[in-house]
Amino acid sequence: MAASSIRPWRATSRIRSMVSFVREHQSVSVPAYCHMTPLPVSRLPDQSSDSRLNETNKHMQRSPPKLTLAFVPGAHPAYVPLGVAVLAGHVRRHSPNAELHVVDLNQHAWRSLLASTTASRDAAAFFAGRAGNFYDEATYLAQLTVLGDLARQLGEVERDARRYLEGEPPSAPLAALLSAEATAVLEGDPDVIGLSALYLPQLTFALALARWLDAEHPPRPARRPLVLLGGAATSHVEVPELLAACPFLDGVAVGEGEAVLSGLLEGRSHFEIPGLATPQFPHTVPDCAAAALLGAADFSDLALGGYLVPEPVLPVLLSRGCRWRACAFCAHNFSFGGYRQKDAGTFADELATYGQRYGARNFYLADQYVGPQALAALSDAIRARGLDLAFHSMARPTRCYTKELLATARAAGCVWLSFGVETGSERLLDLCRKGTHVPEIRAAITESARADISNLVMLVFGLPTSTDEDVEATLDLLGEVHEHVDAFTESSFVLFDHTEFARRAPELGLTVSGRRPLLTVLGRTVHSFRLDFTERGVTGGVRPPRSGLEIARFQSRRRWLGEARVYEQLVAEHYLLYAAHCHR
């Protein structure tokens, strides 16, 4: 995605990505291939070209293994990287002899940008709560423009990184960034460097750093560390294609990373580690049946005072995967090995520990969504422990979100719910297999507002077979719930491979032309699982996707209903703080 696609940061967007700022909340059933098992050793390909993996494996068996986990640039400067923190907790619980180093390269990149001018330093002080009133909306919006300018600068560096991956020499800003990042990840002479990319645009920075390290800038230690790529973004690309295009990568962790790290740190052969794809064995799949139990994150390696929030906001997980797992458009859950949920009491104790250890009382539940029963149990556990906190959750608006449940959740500290409404058309809800109905959606949003919970409504436009009548039904629902909603987000429908809509494309009138190119690396194209397509119109002719037209109608109706609130300009961490501040 080019830097020109950058939009003003909206904390309500689905992804904190520096390039798109669109938070994708879609989730999918775990694909069938997740239940496959690795090939038996007797059938594995020749291992001679994997000598570096074998050499590192032997070294890690002789001495305490050294591991560096790095979250790469491309996220908002308020975001605390949950993935590397969860993996850090796992490593310390299960491999206590390992020497672990965790670094947030995204924070490092932003620290440099924010120190570059007087205006950027002032903005950093404001968002970090060191100057001015963070909750003064006019000042907030003024300072937000400064962050937007810095995001565009980082977008230019991302564009330079794309050219570098294509084979061009690195620009001066990119070389400075990669040199600093290489120094940070090589500190301590690690055996393994794991680069974590949550969003697809972060892959550009991750791969550029991997190529830089392979070119020995700066000079490597005597023994070359393995460079592995992981994170949710890798679940949205064809891994064999990625490895073939990137000879500077030693492997990719497919799916959840705990099993891969445990296998490496235990000294197991890489051919025996489910989920570790290598150039010689690129078709590995995660062993979903043996997916890791959910453990607490360890944020102790991260400089929590360096994120752009006036008080700590931590992302946390009550569960992994999606309990519903039936939505036909789902394309976000490929990285999870089935649905699992923590005990509510255990999770409440976890939140209490975060409060004691890090001074955190604001928590962003990063679950696909928290069902009503889980929300009730969590709320009871929080109240039983007398915890004073604020939290957010995703929600699927059904009749189970009753007045009583929402009142209990609010009393426990739930100040914000993000409702995956998608559409106000009953026909399209059925087509999408959402399992929701318009009257229940309307009631859940209304009762949530009455419980003094801030509501964000997420909508998807341009769904397959959508008509003007379907759009009008959505706009009618918008008018009915508008007074109970603090923010709306509108997204264009995206067709992803492996989803039900992709499998049913012909009967839905969709003609797929292929997967969308993501990157070009040294002359080879890497594709994402996003599919390019055209639609068959009501007259039978071919038309481009109509999401743009539908969003324009939504925005026109949105303006007619009144001026949008500041919540629609906030990143998720700031939204939570505003909701907690206004509703405490």
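Residue positions are given per chain, counted from 1 along the sequence in the order it is written. Residues qualify for local features only when their pLDDT is at least 70, as the model is predicted, and side-chain atom pairs are given and counted only at 80 or more; totals for whole chains, interfaces and linings, by contrast, use all residues. As a convention, hydrogens and water are excluded, and side-chain values are obtained from all of the structure's heavy atoms.

Looking at the overall build of the protein
Phase 1: Looking only at helices and strands, one finds 18 helices and 18 strands in the protein.
Phase 2: Considering only contacts within the protein whose residues lie at least 6 apart along the sequence, 77% involve residues at least 24 apart.
Phase 3: Counting every atom, the protein has about 22,000 Å² of accessible surface; 52% of that belongs to carbon and sulfur. Strands are runs of DSSP state E lasting at least two residues, helices are runs of H or I lasting at least four, and both sets are numbered from the N terminus onward. In what follows, residue pairs with any heavy atoms lying within 4.5 Å of each other are defined as contacts. Note on areas: Shrake-Rupley, 1.4 Å probe, and residue coverage restricted to the protein chains presented here.

Focus: the nonpolar core
Phase 1: Put simply, a nonpolar core is a bunch of buried Ala, Val, Leu, Ile, Met, Phe, Trp, Tyr and Cys residues held in one set by side-chain atoms that sit within 4.5 Å of each other. Think of it in three bands: with a 1.4 Å probe and only protein chains considered, a residue is buried below 20% of the maximum accessible area for its type, exposed above 50%, and partly exposed in between. In this structure, L195, L249 and F299 are the most contacted members of the largest nonpolar core, which totals 168 residues.
Phase 2: When residues in this core are grouped by element, the largest group, 11 residues, is from helix 5 (residues 137–166).
Phase 3: Once residues within four sequence positions are removed from consideration, L249 is found in contact with L207, A210, V227, L229, L242, L243 and P279.
Phase 4: Judged by nonpolar contacts, the second largest core, of 18 residues, contains F329, C330, L510 and L531.

Observations regarding helix 4 (residues 118–127)
Phase 1: Those residues of helix 4 that sit buried are S120, A123, A124, A125, F126 and F127.
Phase 2: Among the residues trailing helix 4, G129 stands out with phi positive, at a value near 80°.

Section: unusual backbone geometry
Phase 1: Unusually for a residue other than glycine, D452 sits at a positive phi of about 70°.
Phase 2: Note that D452 resides in the loop between helix 14 (438–450) and strand 13 (454–461).
Phase 3: One non-glycine residue, T465, lies in positive phi territory at about 70°.
Phase 4: Mapped onto the fold, T465 is located in the loop between strand 13 and helix 15 (468–481).

A look at the packing of aromatic side chains
Phase 1: Centre distance within 6.5 Å is the pairing criterion for rings of Phe, Tyr and Trp, where only the six-membered ring of Trp is used; planes under 30 degrees apart are then read as stacked, over 60 as edge-to-face, and the remainder as tilted. Here the structure, examined in full by the defined rule, presents 25 aromatic pairs.
Phase 2: Note on Y140 and Y578: the rings are 5.7 Å apart at their centroids and 75° apart in plane angle, and the pair reads as edge-to-face. Linking Y140 in helix 5 with Y578 in helix 18 (residues 572–583), this pair joins segments that are 438 residues apart in sequence.
Phase 3: What makes Y578 buried here is its relative accessible area of 1%.
Phase 4: Taken together, the ring pairs in this structure connect F126, F127, F134, Y135, Y140, Y364, W416, Y567, Y575 and Y578 into an aromatic cluster.
Phase 5: Only when the NZ of Lys or the CZ of Arg is both within 6 Å of the ring centre and within 35 degrees of the ring normal is a charge said to sit over the ring. The ring of Y164 carries the charged tip of R211 above its face, separated from the ring centre by 4.6 Å.
Phase 6: Above the face of the W324 ring, R396 is positioned so that its terminal group lies 3.7 Å from the ring centre.

Notes on the packing of helix 6 (residues 172–186) against helix 7 (residues 202–214)
Phase 1: A fitted line through C-alpha atoms serves as each axis, taken over the contacting stretch for helices, and the angle formed by two N-to-C directions is quoted from 0 to 180°. Where helix 6 contacts helix 7, the axes come no closer than 10 Å and their chain directions differ by 75°. In terms of orientation, helix 6 lies roughly perpendicular with respect to helix 7. Of the residues in helix 7, those touching helix 6 at A175, L177, L178, S179, E181, A182, V185 and L186 are F205, A208, L209, W212 and L213.
Phase 2: For the contact of helix 6 with helix 7, the per-class residue count stands at 11 nonpolar, 1 polar and 1 charged. An angle below 35 degrees is read as roughly parallel, one above 145 as roughly antiparallel, one from 65 to 115 as roughly perpendicular, and any other as oblique. Classification used: nonpolar for Ala, Val, Leu, Ile, Met, Phe, Trp, Tyr, Cys and Pro, charged for Asp, Glu, Lys and Arg, polar for all others including Gly.

With respect to the pattern of salt bridges
Phase 1: Any Lys or Arg side-chain nitrogen located within 4 Å of an Asp or Glu carboxyl oxygen qualifies as a salt bridge. Under the definition given, this model contains 32 salt bridges.
Phase 2: The salt bridge partner of R92 is D301, with a shortest N-O separation of 2.7 Å. In this pair, R92 sits in helix 2 (residues 82–94) while D301 sits in the loop between strand 6 (276–277) and strand 7 (313–316), placing the two residues 209 residues apart along the sequence.
Phase 3: Judged by relative accessible area, R92 falls into the partly exposed class, the value being 33%.

Here's the deal with the sheet that holds strand 7
Phase 1: Strand order in this open sheet of 6 strands is 7-10-11-12-13-14, and the pairing throughout is parallel. The sheet is open, and its two edges are formed by strand 7 and strand 14 (487–492), each paired on a single side. Ignoring strand direction, the axes of neighbouring strands in this sheet form an average angle of 20°.
Phase 2: Where strand 10 (residues 362–365) meets strand 11 (residues 390–395), 3 bridges bridge the pair, whose relative direction is parallel. Strands qualify as paired when DSSP identifies two bridges or more between them.

Regarding the environment of R396
Phase 1: Residue position: R396 is located in the loop between strand 11 and helix 12 (403–412).
Phase 2: Owing to a relative accessible area of 12%, R396 belongs among the buried residues under this scheme.
Phase 3: Separated by 38 residues in the primary sequence, R396 and K434 have C-alpha atoms spaced 8.4 Å apart.
Phase 4: If sequence neighbours within four positions are ignored, R396 has contacts with W324, Y369, Y401, K434, G435 and T436.
Phase 5: Among the polar contacts made by the side chain of R396, one reaches the main-chain carbonyl oxygen of K434 at a distance of 2.9 Å. Contacts described as polar in this section are N or O atom pairs within 3.5 Å, which, within protein, must combine one atom able to donate a hydrogen with one able to accept it, while residues neighboring in sequence count only if both atoms come from side chains.

Overview of helix 3 (residues 105–114)
For an α-helix, the turn length of 3.6 residues means that residues three or four places apart are oriented alike.
Phase 1: By the criterion of burial, helix 3 is predominantly enclosed, with 7 of the 10 residues buried.
Phase 2: Considered for burial, the residues of helix 3 that qualify are L105, N106, Q107, A109, W110, L113 and L114.
Phase 3: Next to the buried residues of helix 3 lie strand 1 (66–71), strand 2 (99–104), helix 4, helix 5, helix 6 and helix 7.

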